[in-house]
Amino acid sequence: MSVFARELIDLNLDADDKVTAIQRLAEMVVAAGRGTDVDTIVTDVLARDEMGTPQVEGVAIPHARTAGVAMSSVAVGRVAGVVFDPDEDPADTIFMILV
C-alpha cells in the first residue's frame, strides 16, 4: 500500500500556526485508519521539529518516526501561510511524513 492516499490531502487546511497544522494533519491520518493516536503523532513531530523542519520555497516537511501510526504515511495540506522555519518565508504547502 502506498504512503499516499486521497484522504490524506486537504487543500484548504485550516491552520494558522505549525502546531495546529501538525494537529490537523495528524487527525487526518488517524481518521483515515493509518494512525492510532493523534497526541502521540503531534508530540513526536513537534519533538523532531525542535531539531529543525526542512522548509524551502513555501514547502515545509515536518516528519517523525512515531508509534502513533499503524502504517507509514504522508499527509499533505495547503495553508494560507505557516512558519516552520523563522529564517524562511511562511509555508503554503506541508508534507508531513510519518514512519
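Counted by the stated rule, this structure contains one salt bridge. Measuring nitrogen to oxygen at the nearest pair gives 2.5 Å for the salt bridge that ties K18 to D49. On the criterion of sequence distance, the pair formed by K18 in helix α1 (residues 18–31) and D49 in helix α2 (residues 38–49) is long-range, its members being 31 residues apart. For K18, a relative accessible area of 23% gives the class partly exposed.

Bringing a negative patch on the surface into the picture now. Taken together, the side chains of E57, D87, E88 and D89 make up a negatively charged region of the molecular surface. Structurally, D87 is set in the loop between β5 (73–82) and β6 (91–98).

Definitions and limits used
Residues numbered from 1 in each chain as written. Predicted model: local features only at pLDDT ≥ 70, side-chain atom pairs only at ≥ 80, totals over all residues. Heavy atoms only, no water. Salt bridge = Lys/Arg side-chain N within 4 Å of Asp/Glu carboxyl O. Helix = DSSP H or I, 4+ residues; strand = E, 2+ residues; numbered from the N terminus. Buried < 20%, exposed > 50% of the residue type's maximum accessible area, 1.4 Å probe, protein only. Patch = residues over 30% accessible without salt bridge, like charges linked within 9 Å, V, L, I, M, F, W, Y side chains within 5 Å. Areas by Shrake-Rupley, 256 points an atom, 1.4 Å probe, with all protein chains shown as cover. Lys, Arg positive; Asp, Glu negative; His and termini not counted. Charge placed at Lys NZ, Arg CZ, Asp CG, Glu CD.

Keep in mind these values describe shape, not function.
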